[in-house]
Structures are given as C-alpha cells and as structure tokens.
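Inside the fold
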Amino acid sequence: MDVTVIATESLSKRFPRVTALDRLSVDIGAGVTGLVGANGAGKSTLIKILLGLSPATEGRAEVLGLDVATKGAAIRERVGYMPEHDCLPPDVSATEFVVHMARMSGLPPTAARERTADTLRHVGLYEERYRPIGGYSTGMKQRVKLAQALVHDPQLVFLDEPTNGLDPVGRDEMLGLIRRIHTDFGISVLVTSHLLGELERTCDHVVVVDGGTLLRASSTTDFTQSTTTLAVEVTDTDEHPDGTRAVRDALHARGITVEDGSGLPGAGHVLLLTATGEETYDVIRDVIAGLGLGLVRMEQRRHHIAEVFKDSDDAQRKEVVGHGN
Amino acid sequence: MATEQPTAAVTGDQTRIHNIGYRAYDGPRLGRAYARRSLYSQSLRGAYGLGRSAKAKVLPMLLFVVMCLPAGIMVAVAVVTKSKELPLEYTRYAIVLQAVISLYIASQAPQSVSRDLRFKTVPLYFSRPIETSDYVRAKYAALASALFLLTAAPLIVLYAGALLAELDFADQTAGFAQGLVSVALLSLLFAGIGLVIASVTPRRGFGIAAVIAVLTITYGAVSTLQAIADVQDSTGAIAWIGLFSPITLIDGVQSAFLGATSAFPGGHGPGTGQGVVYLLVTLGLIAGAHGLLIRRYKKVGL
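Just so you know, these numbers come straight off a predicted model, no measurement behind them.

Conventions we followed
Residues numbered from 1 in each chain as written. Chains lettered and ligands numbered in written order. Predicted model: local features only at pLDDT ≥ 70, side-chain atom pairs only at ≥ 80, totals over all residues. Helix = DSSP H or I, 4+ residues; strand = E, 2+ residues; numbered from the N terminus. Buried ≥ 20, exposed ≤ 12 C-beta atoms within 10 Å, placed from the backbone. Contact = placed C-beta atoms within 7 Å. pLDDT = per-residue confidence, 0-100. UniProt positions renumbered as here; feature names shortened; annotations may be inferred. Core = buried A, V, L, I, M, F, W, Y, C linked by C-beta atoms within 7 Å. Nonpolar A, V, L, I, M, F, W, Y, C, P; charged D, E, K, R; others polar. Pairing = 2+ DSSP bridges. Axes fitted to C-alpha atoms, helices over the stretch in contact; angles between N-to-C directions.

1. Looking at the overall build of chain B
- Per the secondary structure count, chain B includes 11 helices and 0 strands.
- Reading the helices (α) and strands (β) of chain B from amino to carboxyl end gives α-α-α-α-α-α-α-α-α-α-α.
- If you line up chain B on its principal axes, its C-alpha atoms span 95 × 50 × 30 Å.
- Considering chain B as a whole, with its 302 residues, one finds that 42% of them fall into the buried category.
- A separation threshold of at least 6 residues defines the contact pool for chain B, and within that pool the share at least 24 residues apart is 73%.

As structure tokens, this is what we get:
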C-alpha cells in the first residue's frame, strides 16, 4: 500500500452535455482495487483518461508515476486493458489472437508465443485454445479477453466489468482469477463493477464513484466492518399489533439504532440495523423473544450502491438515488 | 481454475516435477515501430488469406492466378511466334485487367478493416503503445503492398518472357520500369479508396458492394461521357472527363508521363499540362484517403 499506482488530482472530464468526471481526486495503491459505480458513473471515462487516450478537461492524473497527458504510450506499454464489450474476432483461434496482441504490445515473436501459451494456461484455457474463438462459451471468451490484457506482463491491468454476462459459477471463477492476478502474478488490478457485493470479496480496496465524483474510498475491511447491515422481519401478535414498531422501540431502548428501511423492498415490515459485532445478534434475539414475537428472518444484506449513498448521506447530505442491483 | 499444484516432488532418484508458476517477463519490449511492422506483415499476409482459414485463401489466390494467367499466355505466344514485341504494353496490362483489380480490392479492403470494427477489436490496438496513425499507416501500406504484388507479378512474368524471347533489352527494361511505377501509383490510389469506403462500415458485405459500386460506376460514367464527347468531336473534353474515375486517372498519368498509349476514346490522352493536373489529383486523392482514415479512427478510439 506504500506504492501509489494511480493518482488523480481534481480530474474532470466534461462533454458538451454531460460532466463525466467532476474534480475526482483519489490515490490508489498496489493490490486489487474495485471501482464501483452505477452505469454512467464515469468508470469507463476514467479508464480512458488513465490509458492516455482521452485528454482530461481539467486536473491531472498519473499512472505508475507517469503523467497521462504526456506519457500515454509509455503507460500503455506497462498496462493491460480488458474492455467491457466483446472484442474478439470469431474466426481465429485464441492462440493466434493473443500472439498477435502480444506483438502489438511490443513482444518479440518467440516471446509472444511463449507468453501466450503461459498466459492462456494461467487463465484456464487448454486444448480449446487452438479452436476458433467463435465456438467459445461466454466464460471462455472472458478468459481470452483477460489473457490478451495480461500477455505482455503488465504492472497494472484495468478490467472493465469482467464478470458481465457470466453465470454464478463463472463469476466466482473469474473473481478468483482476478484475486490471483495480484497474489500469484504480482500485477495490480483496477476492476470495475456495478455490484459492490462481488468486489468486497475480491478487492483490497474499493473506490465508489457516482456522477463523476468520489463517493468513498477505503479498504474493503473498513467497508464491511462499518456496513454489515442486518435485515430483521418479525410477526405481529395480539399483544403487539405492529411487531415491527415494537421491536424498533425496544431495540432503541437497548441502544441499537434502527435505520429507516423506506425505499427498499418490503419497507415497513423489514428492520434494517447495523451490526457492530456478534453481540448485536444476541440482543436482537433476546428483544424479540422478550416481546413474544416470532422471528421470520434475520439476514445479512448484500450491500448495494444505494446503501453506500445512505452512509455518505449522514456525513454530507447527498441526494439518495435508487440504483439497480 | 486448475492451476499447477505447488509441487516440487522429489522421488528417490533425481526426477523432479517443477512448478514454474507465473513467470514475469523481463525481456525486451520493442515498442511502437515494431508493433506497426507486425501489424503490417499480419495484414499483408491476411490480404492473401495467409494465417486465416482455407476459405479465406480461395478468392485472393484465385484472383492472383487470374491476374497472372494472361501474362503467361502472352509470353508463350511471343516466344512461339518469335514476335518483335509483346502483344500488350506493360503500362496497359493493369488497365485491361482492371475488373480483376477491382474485385480484389473490393474483397480485401473490407476484410482488412471492417473486421476490426465489426468485432470491436480496435480498442485493443489503441490500448497498446501504437497510435491511430500507426494503425492507419500499417493497414494502408499492407493493402497497397498486396495490390502491388497483384499488379506487379504479371509484369514480372511479361518481362521475364520478353527477355526469354530475346526482345530488345533496353526497350523492355524501360517499359517494365514505367509499368512498375504506374502500378505502384495505382496500388496506392486503389488501396486508399478501398480502405476509406470499407472503414465507414463494419459490415463486410456493404463494404464489398460499396467499393465495387464506386469503382465501376465512376468508370462507367466517365467512359460513357468520353465516348459521347468523342462522337461529338469535342476531343478537348475527353481528357478532362477522365479525371473523375480512379482507373482513368492512372491512365492519364501514365499516358502523360510514362510513355503509355492512352485507352481513352481515339487515344486522346492528356497532354503534359493536363498530365500535371492528373498527377496532382492522384496524389491529392492518396493524401486525402490517408487523412480521412486518420480522422475516422480518431473517432472510433476506444
């Protein structure tokens, strides 16, 4: 975490009609960093600027200590990029394609072949690599896309929504692979997603952007500790016609703040509260048992971007926008 | 995610299984110029279907053979009949076989650039050290070289045959050199036009149709107008009309400067003054095609 891999300083990008990035200042260290934001939050724009392909309207940015405005080619030699969209020709084999891309990165012919064989093996493509890409599954195609980003052994890779379109198993495999890019290969990763939940498990750090501004940047451990949210649902009894309200009041008396779940599914029947540790679960159990209510469910909620918004709300009154997923 | 097991098993003898794991690359990185050369050679090979599927080889190879076959026949005739000169001038060959050249450019220009657009491979290039101009130059140079191979090969056959038939050496060498200059210019012009049209559409079929349409419609219109002008005895107009189609442009340039006999009606090729205009228009079109391609790819970007 001592080395700063990416640093931006009041970086702005304005198009005639929209502001894609608005005075974004963030330092990103080595390791796996998640860049989270809803679609249109400015993630792809940021990557383009960091690759030195699109000039910033204002502010500056450095990648691996190189200024993006003047050292674009040097940056692109040391950085890998996996786009979000399909980018593979169907009529060539993975091997041919990745070899070609390795040469485009400046690797001599022999090295390009060797590195291609190695990289495809590392991302989990074996015999299939000699067949045309057109016949691959989505998961295999994602691996080829990843391989072309890693083949020249970059110091840093940008992965734009690498889990898009994958089924749950494929998603887990891809996330495991992303983790290994750092732990086994020693390559730093900036991975974007609109799902905070999946990045929590994979990343060392998470940066949340919205509307082109930095919403939050912290290590994943901080993140989970401060935002483990429980959803609790109880039954009503004759004694307590509104069980939910009764529990809320009782919990309040025990010093546990219950958040307002309005705006979320099942609002009114679901209590959202922040667990500070193991003892919170016991307190909730005791309170509900004491009131004689039935506990329908108590679960850890997946964190959604909307909740990050709510968190930052307390600090700096931001407008809450309901984002999907 | 089958990875290598972290094994370094040592058995009784000296047999070892090494787990190499991930190996970092610390060899040379050859940079932009090398990447551009690699893209050039890959595209040039691709223009003849090399490194692509067997199906992709059929058309370019077939056209290459069709292009060279008449030259072979002419040479055979010249040798057998012991004629004093070749049945066709070197500079005239490409004009006569322009349909083959048009077919070739129409089929290969889209395959060279439309595929990268259609499958969105372009961002992968531009996320690497090469710049827009490197990509455009490599693609342009590759297609022009492919066309030069196609158009120069039959000239080489003719020249070799002429020497075999013991025709006048100086005469033949001069004609051959003029022919080479002419087809070089033709290759640059046709490659530029083909690429500009193909780079606009990601659909290969549209690209093929558009290139053929532009080449044949302009030639058809120009030669019709020239024929009308010839009938009406306005011979002065014939040369000016020729400025408006690629193949007649080349015809004009070579009749003015490369000792060719014009294929215009009545042989009314441009004089030297008009020839300069022809040359300027040709060079302008080549530069313009290059500029348009750069502009096009600046937009495609990432």
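Continuing now.
2. Side note on the confidence of the model for chain B
Residue and element names in this part refer to chain B.
- With 93% of its residues at a pLDDT of at least 70, chain B reaches an overall mean of 90.
- Scored below 50 in pLDDT, residues 1-12 makes 17 contacts in the model with residues more than four places away or belonging to other chains.
- Scored as a whole, the predicted complex attains pTM 0.82, and scored at its interfaces, ipTM 0.86.

3. Details of the UniProt feature "transmembrane region" (unreviewed entry) in chain B
Residues and elements named next belong to chain B.
- With numbering matched to this structure, UniProt assigns "transmembrane region" (unreviewed entry) to residues 58-81, 93-110, 140-164, 176-200, 206-225 and 276-294.
- Secondary structure across residues 140-164 divides into 100% helix and 0% strand, with the first and last C-alpha atoms of the span separated by 36 Å.
- A helix fraction of 100% and a strand fraction of 0% characterise residues 206-225, whose end C-alpha atoms lie 28 Å from each other.

4. Digging into the environment of leucine 195 of chain A
Residues and elements named next belong to chain A.
- Turning to its location among the elements, leucine 195 is positioned in the loop between strand S8 (188-193) and helix H7 (196-202).
- For leucine 195, a count of 19 C-beta atoms within 10 Å gives the class partly exposed.
- Taking the C-alpha atoms as reference points, leucine 195 and threonine 163, separated by 32 residues in sequence, lie 9.8 Å from one another.

5. Considering the nonpolar core
- Membership of the largest hydrophobic core comes to 148 residues, with the highest contact counts inside it found for Leu50, Val98 and Val157 of chain A together with Leu143, Leu158 and Leu195 of chain B.
- Broken down by element, this core gets its largest block of residues, 15 residues, from helix H6 (residues 132-164) of chain B.
- Core analysis: the next-biggest nonpolar cluster, separate from the first, contains 12 residues, Val234, Leu251, Leu273 and Val287 of chain A among them.

6. Brief notes about the interface of chain B and chain A
- Residue-level contacts link 33 residues of chain B with 36 residues of chain A.
- At the level of elements, helix H1 (31-46) and helix H5 (122-126) of chain B are the ones that each hand at least two residues to the side of chain B that touches chain A.
- Sorting elements by how many residues they give to the side of chain B that touches chain A places H1 of chain B first, with 7 residues.
- For the side of chain B that touches chain A, a count of residues per class yields 18 nonpolar, 9 polar and 6 charged.

7. Notes on the sheet that holds strand S7 (residues 156-160) of chain A
Residues and elements named next belong to chain A.
- Pairing is mixed across the open sheet formed by 6 strands, whose spatial order is S6-S7-S8-S3-S9-S10. Edge positions in the sheet fall to strand S6 (79-82) and strand S10 (213-219), since each has one partner strand and no second. Direction aside, the axes of adjacent strands within the sheet are offset by 15° on average.
- Here helix H1 (residues 43-50) sits on the sheet and contacts strand S3 (32-36), S7, S8 and strand S9 (205-210); the angle it forms with S7, its principal contact strand, is near 150°.
- Running over the sheet, helix H6 (residues 168-183) touches S3, S7 and S8 and is turned about 155° from S8.

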